[in-house]
Amino acid sequence: MTTPELPTQYAPADVEAPSYERWVAAGHFGASAVDGREPYSIVLPPPNVTGSLHVGHALDHSIQDVLTRRARMQGNATLWLPGMDHAGIATQNVVERELAKDGLSRHDLGREAFVNRVWQWKEESGGRILGQMKKLGDGVDWSRERFTMDEGLSRAVQTIFKRLFDDGLIYRANRIINWCPRCLTALSDIEVEHQEDEGELVSIRYGDGDDAIVVATTRAETMLGDTAVAVHPSDERYAHLIGREVELPLTGRRIPIVADDHVDPAFGTGAVKVTPAHDPNDFEIGRRHDLPSLAIMDERGVITAHGPFQGLDRFEARPAVVAALRAEGRIVAEKRPYLHSVGHCSRCKTVVEPRLSLQWFVNVSPLAKAAGDAVRDGRTRIHPPELAKRYFDWVDDMHDWCISRQLWWGHRIPVWYGPEGEVVCVGPDDEIPEGYTQDPDVLDTWFSSGLWPFSTLGWPEQTDDLKKFYPTTVLVTGYDILFFWVARMMMFGLYAMDGQPPFKTVALHGMVRDQFGKKMSKSFGNVIDPLDWIERYGADATRFTLLRGANPGSDVAISEDWAAGSRNFCNKIWNATRFALMNGAVSDGLPEELTAADRWILSRLHSVVSLVDTAFDDFEFAKISDSLYHFAWDEVCDWYLELAKIQIAGGGQVAENTKRVLGHVFDALLRLLHPLIPFVTEELWRAVTGKESIVVAPWPAHDPALADPGAESEIEAVQNLVTEVRRFRSDQGLKPGQRVAARLSLSGTATAAHEDAIRSLLRLDPSGETFTPTARLAVGTVIVEIDTAGAIDVAAERKRLEKDLAVAKKEQAQVTGKLGNEQFMAKAPDDVVAKVRARAAQAVEDIARLEAQLASLPQV
RNA sequence: GGGCGGUUAGCUCAGCGGUAGAGCACUCGCCUUACAAGCGAGGGGUCACUGGUUCGAACCCAGUACCGCCCA
């Protein structure tokens, strides 16, 4: 490409899709198990096939893309493996809603037809996500795309189920589980969201006279299923009642009063009703006292107990029961509203009903212990480390995991029942015994996504992929699913892979929030669609905005303004590179002879490479983005390009050399930026180098030999001088373009060799024969005399000088205070004392200079 | 109730023992031929509060207040 083809504004839409297609076609993202280089592997946390990518995914994917793009440039055998999970409940819900539009339920279709219907939906919905990933620029290996319901992954599910079953770690039991009466399935503990809801607390008197006992409840309707009242064994108020029976109102049943250690005597009246079939704690009490469990609701939460309440929904039954009790004079107290914690289905927000039912469970204790130990002994590192505690709290106190779901969409439980009640767990290659029927339930989606880091690599076969890429290098995900998902992968990975954890590092990021740090929510109307931003600002700008705010483990606030800022940055890079190309920048190695400006920018480049490399070690994407942003904009664009203009304008060998330095700097800068903003850098880098793709270019090497403190201080001195004089010009109302005559006394200072550059940057003409300065500036030891071509604004100048003088005097006071402090002089380290001494000297000099300048101002 | 994190410029956040920083927003001046998605200059902070440690604290320690998150 030749320069004139680059327009003055970067147009992401023209560049993104073609670049992405070219990358994929060239096979740049493909990984190979026979690649002899160091492996670097990441498995993408699979998005739900039902959903679409939101801005949180955009952050998660951007981070993984940055890591893998850099790893690839560093010469690793790099794998980023994409895929989706089947999201059992969510997907089934979506398809059932579709059916409901036609007045159909899944039962009308039957299991097989329904599942086929879901597969159809999966094709549609999954395709949308893939398209979104391409728009973001995700450099994933599409040839390895996986889906949790694929044949291979299903085989993995069945294999591990059988192995756990045979090891006695999977069992079936009648337990109180979390039940969603709308989804009609069991849920695990973590699929229940607790929130403070307004309810009621009703105190009910059971029994009469001496036998009367008052219990308090937020769920009055469950009293229909009470089979006891419990009190604490040492509670003297009730000692005389223990072992006796009391009549349960409305039912006429007589129930025992039992003593149980788990009753809190300080809560309410100290007596609690016991409903073993509808409350997990009561279930335990029931077990300890051998109480019957009386179920009073069906799977939809409708009362089945005989009597006037039969057929009422649980929420209709509640006031009805209270009213009936009140009519009998049994309501002793009522508190309304009463704030208490209520569990909701994380999928549909329905209030969860504890329900006694027969379900499959994983005995997690040995698995969870191994998962904790792997982090404790450093085989897996959680980053940032503060979040490891949350992980430990969870795995060290994990309850058995209910894995059966009463759904049709998912991996069916590989257990078959014989006519005589035989139970057989069937492995993928086992034969199913004649006449047996399969368990109707499917497995929790997390059961299959827990296998993701190795099932996607071909497990249970010992594939080359598995050998090459497991354990994966790093897992990138939000801290919110540390125990939903990460802990499960740890448990299964360690179990299936002989104690090898699935990842060397777990890098956690935060949630994406709006510009005020508020959570994004549809009802609040502050949701940002990443695809919308990609269209309006470009994929690079979208990514850069997210990455620039991404500090390890902490939330990321973003706003439209910042996306515009990122777009501006991309445009800046675009134009700067365009300028370099217009001036003949070539990247074919550095010249022998370098100017101070050249050595300065190379020194700065070297130091930013080192800074970026260090930040990568700790996943400090904000720091990476920020240092590159400032290096590119403040140092390359604002100063080096301006200095290079002068060097090129001078012609000769220096001009030729400058073109090569420009080429070198932009080549390196674009490569450093590429993982963050892949599209614009690809387009520009191809133009600068004429090579095929930056995707496979090497990551810039950190070269300490380029460090040049001498050049740095020389150019800094030039910058200081130029800034000071610009400030004077601005205060004096001189237009930026207006040329004025000046006399510079630079000899003996660090700026001595740069008069041409200084004059050019400041638009100062040489002082001629008739030069008569109207203003005299002292910047350090440099004297600048200027003919401002008119009367100078004395008031403005006085104000400026007085301000500077006040600052200098404050500094002097502070610093001399320190030097006069014996303790400080005795105890502070030498280098600090030396620094303070230097500051003191500087302050004295500044004050003298500023006072002299003030004195020389004409009196008004 | 238990735990974790936070409180620094108008907003979002860096800084974590030795001269308070960035982006955006704001003010002023500029279409200075790479870029107005830009250039130059500028204003703005008792670093939540109270004690302590230290020659020295935004930074370390203790407590208080408020905010957020996780778990029960």
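Okay, so let's go over this structure. (Residues numbered from 1 in each chain as written. Chains lettered and ligands numbered in written order. Predicted model: local features only at pLDDT ≥ 70, side-chain atom pairs only at ≥ 80, totals over all residues. Heavy atoms only, no water.)

**Concerning the overall build of chain A**
Part 1 of the argument: Tallying secondary structure elements over chain A gives 26 helices and 29 strands in all.
Part 2 of the argument: For a compact globule of 860 residues, the expected C-alpha radius of gyration is about 29 Å, and chain A comes in at 37 Å, more than 25% above that figure.
Part 3 of the argument: Dimensions along the principal axes, computed over C-alpha positions, put chain A at roughly 120 × 65 × 55 Å.
Part 4 of the argument: A burial count over chain A gives 53% of its 860 residues as buried.
Part 5 of the argument: Partitioning the contacts of chain A with sequence separation of at least 6, the portion at a separation of at least 24 is 77%.
Part 6 of the argument: Each charge sign in chain A was given a centre, from 93 positive and 124 negative side chains, and these centres are 4 Å apart. (Helix = DSSP H or I, 4+ residues; strand = E, 2+ residues; numbered from the N terminus. Rg over C-alpha atoms; globule rule 2.2 N^0.38 Å. Buried < 20%, exposed > 50% of the residue type's maximum accessible area, 1.4 Å probe, protein only. Contact = heavy atoms within 4.5 Å. Lys, Arg positive; Asp, Glu negative; His and termini not counted. Charge placed at Lys NZ, Arg CZ, Asp CG, Glu CD.)

**What about the side chain of Thr749?**
Part 1 of the argument: One can find Thr749 in the loop between strand S26 (740-745) and helix H23 (755-762).
Part 2 of the argument: Given the relative accessible area of 16%, Thr749 is considered buried.
Part 3 of the argument: A distance of 2.6 Å separates a polar atom in the side chain of Thr749 from a polar atom in the side chain of Thr751.
Part 4 of the argument: Among residues more than four places away in sequence, those in contact with Thr749 are Thr781 and Val782. (Polar contact = N/O pair within 3.5 Å; in protein donor to acceptor, adjacent residues only side chain to side chain.)

**Overview of the packing of aromatic side chains**
Part 1 of the argument: Summed over all chains, the structure comprises 28 aromatic pairs.
Part 2 of the argument: A centroid spacing of 6.0 Å and a plane angle of 40° characterise the contact between Tyr20 and Phe29, whose relative ring orientation is tilted. Side by side, Tyr20 and Phe29 carry an identical accessibility label, which is buried.
Part 3 of the argument: Seen from their ring centres, Trp119 and Phe147 are 5.7 Å apart, and the 75° between their planes marks the pair as edge-to-face. One end of the pair, Trp119, is in helix H5 (residues 111-136); the other, Phe147, is in strand S4 (residues 146-147), and 28 residues separate them in sequence. (Phe/Tyr/Trp six-rings, centres within 6.5 Å; stacked < 30°, edge-to-face > 60°.)

**Examining empty space enclosed by the protein**
Part 1 of the argument: Across all of its chains, the model carries two cavities of 30 Å³ or more by this definition.
Part 2 of the argument: Counted as a void, the largest cavity has a volume near 120 Å³.
Part 3 of the argument: In terms of lining, the largest cavity is formed by 13 residues, of which the most central are Glu724, Leu777, Arg800, Leu801 and Asp804.
Part 4 of the argument: Sorting the residues of the lining of the largest cavity by element identifies helix H22 (709-731), strand S28 (775-779), helix H24 (794-819) and helix H26 (830-856) as the ones contributing at least two each.
Part 5 of the argument: Per-element accounting of the lining of the largest cavity gives the leading share, four residues, to H24.
Part 6 of the argument: Its residues assigned to classes, the lining of the largest cavity comprises six nonpolar, one polar and six charged. (1 Å grid on protein atoms, 1.4 Å probe; cavity = no way out; pocket = protein on both sides within 12 Å on 5 of 7 lines; lining within 4 Å. Points joined across faces, edges and corners; volume = space filled by probe spheres on them. Nonpolar A, V, L, I, M, F, W, Y, C, P; charged D, E, K, R; others polar.)

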